[in-house]
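Single-letter residue listing:
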Amino acid sequence: MSTDTTAHLPLIKLHTADHLTYLRANHLLKQHGITIQQALIIQYLAWHAGHSINQKNIELYLGISNPSVTSLMKTMVAKNLIRRLPDRSDARSYLLCLTPQGQQLQESICKAFEQLSFEVNSGLTEDEQEQLNHLLDKITNNLTAVLR
């Protein structure tokens, strides 16, 4: 086994970039009283409006545990951002949808994400941005394949 840390440097850089992106996103969203996880849930529900979305869908999308999603859902219901409706096909489950307040907040989230994208891509050419997206897709596919 190699102890050459240069082989691990891309992983460290990827982690650092992810962590800094997370921190910046939370900073941009703080003025709206939400976290990045709550914003991602709002975006997901907006993208899938009209579909039956339950808590399990959110768990898979965010890659977090049931108790963590339950806590997020309770907070978001209390903030009147989402509603939980009984699932007629599964009495143990609830379907999730945005409230009008959640829908309105979605527009602010888009603006915050646009600002974050601008900051992340600042100094990158269009070709570099395309290459970055392509490489991130490859990394995602590689890791998805080994996690199956």
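In this text the structure is predicted, and so the values were computed from the model without any measurement. Per chain, the residues get numbers from 1 upward, laid out in the order the sequence is written. Only residues with pLDDT of 70 or above have their local features reported here, since the model is predicted, and side-chain atom pairs are shown and tallied only from 80 upward, although totals for entire chains, interfaces and linings are computed over all residues. To obtain the side-chain values, all non-hydrogen atoms of the structure were used and water was disregarded.

S.K.: What should I look at first to understand the pattern of salt bridges in this one?
M.R.: When their charged atoms lie close together, side chains carrying opposite charge are able to pair. Take a side-chain nitrogen of Lys or Arg and a carboxyl oxygen of Asp or Glu: if they are within 4 Å of each other, that pair is a salt bridge. Enumeration according to the criterion identifies three salt bridges in this entry. Between Lys 56 and Glu 59 there is a salt bridge, with the nearest N and O atoms lying 3.6 Å from each other. Of this pair, Lys 56 and Glu 59 both sit in helix α3 (residues 55-62), three residues apart, roughly one helical turn. Only protein chains enter the accessibility calculation, which uses a 1.4 Å probe; a residue is then buried when its area is under 20% of its type maximum, exposed when over 50%, and partly exposed in between. Taking relative accessible area as the criterion, Lys 56 reaches 48% and is therefore assigned partly exposed. The residue Arg 92 makes a salt bridge to Asp 90 at a minimum N-O spacing of 3.1 Å. Accessibility expressed as a relative area gives 74% for Arg 92, which makes it exposed. Numbering of helices and strands runs from the N terminus; a helix is a DSSP stretch of H or I covering at least four residues, while a strand is a stretch of E covering at least two.

S.K.: Before we go on, may I ask you to explain the pairing of strand β2 (residues 90-98) in this structure?
M.R.: Residues in a regular strand project their side chains so that they alternate between the two faces of the sheet. Relative to β2, strand β1 (residues 82-87) runs antiparallel, the two sharing six bridges. From the neighbouring strand, Asp 87 faces β2, where its bridge partner is Asp 90. Counting the residues that bridge the hairpin from β1 to β2 gives two residues. Here, any two strands with at least 2 DSSP bridges between them count as paired.

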